[in-house]
There are 2 protein chains.
Amino acid sequence: MKFLYQDSQISDDEIAAAGKSLADYIERLNHVARAKDYSLPEGFINLPGDRNLANQISEVCRSKISGRLKYVVVIGIGGSNLGARAVYDALRGYFDLLEPERFPKIIFADTNDPEFSERLVGFLKSKINDPAEILINIVSKSGDTLETTANGNLILGALIGKFKNIADRIAVTTDFKSKLWHSAEKAGLSLISVPAKVGGRFSVFSAVGLLPLAVVGLDTKELFKGALNMRDQCLVDDMLKNQAALSAIVLFLNYRRGKTINDNFFFHPELESLGKWYRQLLAESVGKDGVGVTPTVSVGSADLHSVGQLNLGGPKNKITSFVWSENSAFVEPLNGAEKLGFEPVSRPFAEIMGAILEGAKNAYRNKGLPFVEAVLPDISPESLGEYMQFKMMEVCFLAKLFNVNAFDQPEVEFYKKEACRFLTN
Amino acid sequence: MKFLYQDSQISDDEIAAAGKSLADYIERLNHVARAKDYSLPEGFINLPGDRNLANQISEVCRSKISGRLKYVVVIGIGGSNLGARAVYDALRGYFDLLEPERFPKIIFADTNDPEFSERLVGFLKSKINDPAEILINIVSKSGDTLETTANGNLILGALIGKFKNIADRIAVTTDFKSKLWHSAEKAGLSLISVPAKVGGRFSVFSAVGLLPLAVVGLDTKELFKGALNMRDQCLVDDMLKNQAALSAIVLFLNYRRGKTINDNFFFHPELESLGKWYRQLLAESVGKDGVGVTPTVSVGSADLHSVGQLNLGGPKNKITSFVWSENSAFVEPLNGAEKLGFEPVSRPFAEIMGAILEGAKNAYRNKGLPFVEAVLPDISPESLGEYMQFKMMEVCFLAKLFNVNAFDQPEVEFYKKEACRFLTN
């Protein structure tokens, strides 16, 4: 992955100056990496090299998965599903409608929406004919997330009368010794833990993200390879070579100039869920104490036809991060439509998308709007691993620059308590 | 639909004062409605009562649709697909994965993304066995949208060798006498026009939005009914009864107090595409001349676990519009999971979602964050018609308050020209 900042409107001198305040923190991250330490929240950087974790995941796959598997239902919300969904949608999920007979598919149950839930129960009751066709992965770090508990009840309730040994088809991912851990252990369910200090939004390379991806056959070794490679690049103290620190500095200095929104503009629609994963990561890690960058997710080229006018002609309150891949499938133009009166288009589709992106970048330059670019070599597990590690380390640096704690989310407890009050009244 | 503004932090006196500047414009809209006038861009308000349009749509359905129809491919981008997609996804599309055998389904081809396009061609070649199984709707108001032209070539190219009479399975929606109109007419394709002055983002109740919805069997009469009812409510000059004007005033006065972002927070995930439709509507209509509200789309309850922390603890630069439905499917909690050690959840799902929403609203109040609410009676064609008409009229009023032209998009031409320059070089 290449991070380009030439259009960020931040000079190398400004970067070097801001980077000085990160030196101690980079030293700390190096210590965490050397010691393979999970006692700090930054321990997430050690997950991609963790053999014990890889072995646990392999063991679940070995014991639970056969060629008969058709659906994996991931019951989790927020940090418990956004990472797996980002990778799955990029490589598979976005194409589900066009690949109706490709299995296994993942169903993400992250809502108690009545319309969705009613159909999900109907689907489980009528379409699953053999327990080997389904795997239920319940994911809750704390073990007591309201939506996940309700969905666990509903989904297991729909299956428990239907199959005798449905317990065999469940895997639970939670903190060691959480309430959910204890009840699952008692019921003899398959259990896998998350390191205590690794927060939900930093957990994609733990069992939280890895298990759903591994059971549907995605290459988690390649994901780890990309993540590990990026981690090592982002532990160096030369700011112009440390892409995560560089990106954090550019976002921070632009924020101080009034760019309070970071539009993440993915030029491949299958990466929209990756944007939603980053949206949580940035919003929850830095949005506190009255500061914070507001993340938005756009998809090219469609959203040039949607928010392009505002971005180019409205208030100059945004820094844009374009994300695109250098190599795509080769889609040749097809002939024949000229017989129906249609003007032929003689360029491969990657060239059309590339030309639109170049046009958009020139329009941003022309208007004096700052942007950066993350250029992926391709859309593969390895590239996604690189990008996700890059972004997780970036928000750690960004929180340091904002002088906030990247790892807490103090404001989300209030509404949860209020919701429980309404439910118990 | 009910619009609630008690937590908007705007007083009735402020609303009345701001409303005075809208009096002339309301008079003008009344004239447009009385005269059934399509000569102004506001003519979109007359579409829901247009019998000629309804008859044209019925005729296409009568001549093209049979019980064998499985897939409708809508080739269009931006204003040419977001409206149809909003309604389709709310009622059907969001549930596609759980209803694999429900047909017809819509495939929205709004990208030249190589990975998607490659799979789309493969799908059309291998899964469509009979021309009656497919209908292609090409939608481009101008008739020369780059992405749509390229997709038209690719998709017709994939089918033209396979079936003799594929021309029978095509319907084209475009401006009368556009380049596309002429070529389609020459090739004998089914054609339906859009009123010249009605812009893409205001075209959901024209053939642009209506045709795809009608051919898959959604009740466009009910959609019209809701839209017409809302239109009449939004032609009155009492600001506290004119919900569209009221909403515009509240957004405008909050913008002047630094709430430059409007977070549209839908408490039903199937309404996410409705949010994306409004995102274009608000961004393109008001985002110009250096001003404009930046729209964001959130989905409850999942996004409370994502951007909730930022919204509650970050900069106070947002006004939130909660959208929720009073009546939902009744999903009873299911028993049985307690045998697997899971704590039972004894509340119906609509109550759980309702409690989370109430908890969130109390958290916003507690932090002094302004919000409004659009309360739909249900999620039905009629309610969606009401909401969409409400929002289209709201942005007309909002543009008046901002003193910008709601109906142009001057900045989007530059990147298109640049893109063409790259393609022809």
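Each value, and the rule that gives it
- Residues numbered from 1 in each chain as written.
- Chains lettered and ligands numbered in written order.
- Predicted model: local features only at pLDDT ≥ 70, side-chain atom pairs only at ≥ 80, totals over all residues.
- Domains from an automatic or database assignment.
- Contact = placed C-beta atoms within 7 Å.
- Helix = DSSP H or I, 4+ residues; strand = E, 2+ residues; numbered from the N terminus.
- Nonpolar A, V, L, I, M, F, W, Y, C, P; charged D, E, K, R; others polar.
- Pairing = 2+ DSSP bridges.
- Axes fitted to C-alpha atoms, helices over the stretch in contact; angles between N-to-C directions.

## Some details on the domain arrangement of chain A
Residues and elements named next belong to chain A.
Next, step 1: Once the domains are mapped, chain A shows domain 1 (2–29 + 224–402) and domain 2 (39–218).
Next, step 2: The partner domain 2 presents 20 residues to the 23 residues of domain 1 that form the contact.
Next, step 3: A total of 8 residues in the side of domain 1 that touches domain 2 trace back to one element, the largest contributor, which is helix H11 (residues 272–286).
Next, step 4: Considered class by class, the residues forming the side of domain 1 that touches domain 2 number 16 nonpolar, 3 polar and 4 charged.

## Topic: the sheet that holds strand S6 (residues 190–194) of chain A
Residues and elements named next belong to chain A.
Next, step 1: Sheet architecture is open: 5 strands sit in the order S3-S2-S4-S5-S6, paired in parallel fashion. Of all strands in the sheet, those with a lone pairing partner are strand S3 (105–109) and S6, marking the two edges. Adjacent strand axes in the sheet meet at a mean angle of 20°, parallel and antiparallel pairs treated alike.
Next, step 2: Summarising the sheet, strand S2 (residues 71–75) and S3 pair through 5 bridges and their orientation is parallel. Bridge assignment links Ile 75 to a residue of S3, and that residue is Ala 109.
Next, step 3: Here helix H7 (residues 179–186) sits on the sheet and contacts strand S5 (170–175) and S6; the angle it forms with S5, its principal contact strand, is near 150°.

## Regarding the sheet that holds strand S7 (residues 261–266) of chain B
Residues and elements named next belong to chain B.
Next, step 1: The strand order S1-S10-S9-S7-S8 describes an open sheet built from 5 strands, whose pairing is mixed. Each having just a single partner strand, strand S1 (2–4) and strand S8 (294–299) make up the two edges of the open sheet. Adjacent strand axes in the sheet meet at a mean angle of 20°, parallel and antiparallel pairs treated alike.
Next, step 2: Note that strand S9 (residues 318–325) and strand S10 (residues 371–376) share 6 bridges and pair parallel. Within S10, the residue paired with Trp 324 across the bridge is Val 375.
Next, step 3: Lying on the sheet, helix H10 (residues 243–256) is in contact with S1, S7, S9 and S10; it crosses S1 at an angle near 25°.

## Considerations on the interface of chain B and chain A
Next, step 1: Tallying the contact residues gives 111 residues for chain B and 111 residues for chain A.
Next, step 2: The biggest single contributor to the side of chain B that touches chain A is helix H13 (residues 349–366) of chain B, with 12 residues.
Next, step 3: Residues belonging to the side of chain B that touches chain A are distributed by class as follows: 55 nonpolar, 34 polar and 22 charged.

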